[in-house]
Number of protein chains: 2
Amino acid sequence: MTKKTAPASKRRNIPDPTIARLPRYLRSFPEFVHANRSVISSKELAAASGINPAQVRKDLAYFGQFGQRGIGYDVKTLDAKMREILGLHKVWRIALVGAGHLGTALLQYGGFTKAGFRIEAAFDVDPSKVGWELEGVRIWATPAIRQVVREKKIEIGVLAVPASQAQRVADDLVDAGVRAILNFAPCILAVPKSVLVRGVDLASELEHLTYFLDKSREK
Amino acid sequence: MTKKTAPASKRRNIPDPTIARLPRYLRSFPEFVHANRSVISSKELAAASGINPAQVRKDLAYFGQFGQRGIGYDVKTLDAKMREILGLHKVWRIALVGAGHLGTALLQYGGFTKAGFRIEAAFDVDPSKVGWELEGVRIWATPAIRQVVREKKIEIGVLAVPASQAQRVADDLVDAGVRAILNFAPCILAVPKSVLVRGVDLASELEHLTYFLDKSREK
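Calculation rules
Residues numbered from 1 in each chain as written. Chains lettered and ligands numbered in written order. Predicted model: local features only at pLDDT ≥ 70, side-chain atom pairs only at ≥ 80, totals over all residues. Heavy atoms only, no water. Axes fitted to C-alpha atoms, helices over the stretch in contact; angles between N-to-C directions. Helix = DSSP H or I, 4+ residues; strand = E, 2+ residues; numbered from the N terminus. Left-handed = near helix turned anticlockwise from the far one by under 90°. Contact = heavy atoms within 4.5 Å. Nonpolar A, V, L, I, M, F, W, Y, C, P; charged D, E, K, R; others polar. Buried < 20%, exposed > 50% of the residue type's maximum accessible area, 1.4 Å probe, protein only. Pairing = 2+ DSSP bridges. pLDDT = per-residue confidence, 0-100.

This paragraph deals with the packing of helix α5 (residues 101-108) of chain A against helix α5 (residues 101-108) of chain B. Here α5 of chain A crosses α5 of chain B at 145°, and the two axes come no closer than 8 Å. Read as a crossing pair, α5 of chain A and α5 of chain B show a hand that is left-handed. Across the interface between the two elements, H101, L102, T104, A105 and Q108 of chain A from α5 of chain A touch H101, L102, T104, A105 and Q108 of chain B from α5 of chain B. Across the contact of α5 of chain A with α5 of chain B, the residue classes break down as four nonpolar, six polar and no charged.

In structure tokens:
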């Protein structure tokens, strides 16, 4: 996975890998709540999130005193604090550009429509899709990006278009005022410094995996 | 993005973030080759890959002396060396489980079918898809996983199924002998220690982005 992240000064000195693990912790909380567990140990959180206990304790330490020695961590406090850290205590308005297979998969993917994110509009170049709804989200023609994004005060653009279209779409989103772009197209985007870009290269995940496979074969 | 990676001992002490950036460098090489540039500077590589020059130099230093001071880096040597490091100098046989929107998007995504990866079979629970081909890949019924994966000596399983099905599918893949799983389902998989799992949580990418947005808003 390739990433472009904000400068360290914006991160309260919390390492990027720690921030990247917070969503995994968040995903594990519902099962504890479901089991009426209000206080959990770092070991339990480790097992539920698939992260080793030492790493869990280290990660949590960056966010102040959540836990009490020998007692454990309060699930609700942890959940609220991590959501606040990730900026999920407010609703983010999102535009999805590209309503093909990837765009549709993203719309259907639970996490993208959970509290914290609201996909306000989708865009596609295919006239046969325009005017329809996909998972409850209206699809607009791509040339309408500037107008719709401005009107709906959309803050984040998600790019699920081919690499050949990505820069043009990014330019339109930036012109319309988005503050961040999550880019699934396998290309580097040129945007003003004030706009955050995070690139997700699905193929590089596979390449990262073969790196470890190849090493373990050599043993 | 959530990740579960191999222990440090398997990594030749190369930091995980460096390995994660190699695919970005690889993606930038074709444009240099296309422009008949056989030697490039770290600054040029930085611009083409969207990574800062100091980081580029630091990353390359982990892999020995690719470059010559004042002259630059040989593109072909860099490309070959990085492919070797990532284990892309051989062909990996892959099974895709789940031929819905995400699975189809992955099949259509250039990088997954480039040299280095060969998707040998796809699987789906939907009887109407079974027996058909998708992007040239035959779709089998999910219960055939064990047999087909064994027969085709498949080494990597890519999971594009709902979280509720992921563990069962992973069990089948492990029984059939895969050595690694790339898991797009938002859940933690239990597998033997000998099997590598890398989890890709598409929603957590968005949460990671809002973290930086929220911080920059506070400034």
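Right, picking up where we left off after that structure.
Here the focus is helix α2 (residues 42-49) of chain A. Residue and element names in this part refer to chain A. Considered for burial, the residues of α2 that qualify are S42, L45, A46, A48 and S49. Turning to α2, the residues buried within the fold contact α1 (16-34), β1 (39-40), α3 (53-61), β3 (72-74) and α4 (75-85). Following α2 by one or two positions, G50 has its phi on the positive side, about 75°.

Residues and elements named next belong to chain A. The two faces of strand β8 (residues 156-159) match: I156 and V158 on one face and G157 and L159 on the other face are all buried. Inspection of the sheet shows strand β4 (residues 92-97) paired to β8 by four bridges, in the parallel sense. Among the inter-strand pairings, L96 is bridged to a residue of β8, identified as V158. As judged from the four bridges shared by β8 and strand β9 (residues 180-183), these two strands associate in the parallel manner.

Here we take up the confidence of the model for chain A. Of the residues in chain A, 86% have a pLDDT of 70 or more, and the chain-wide mean is 84. For this predicted complex, the interface score ipTM comes out at 0.71, while the overall pTM is 0.74.

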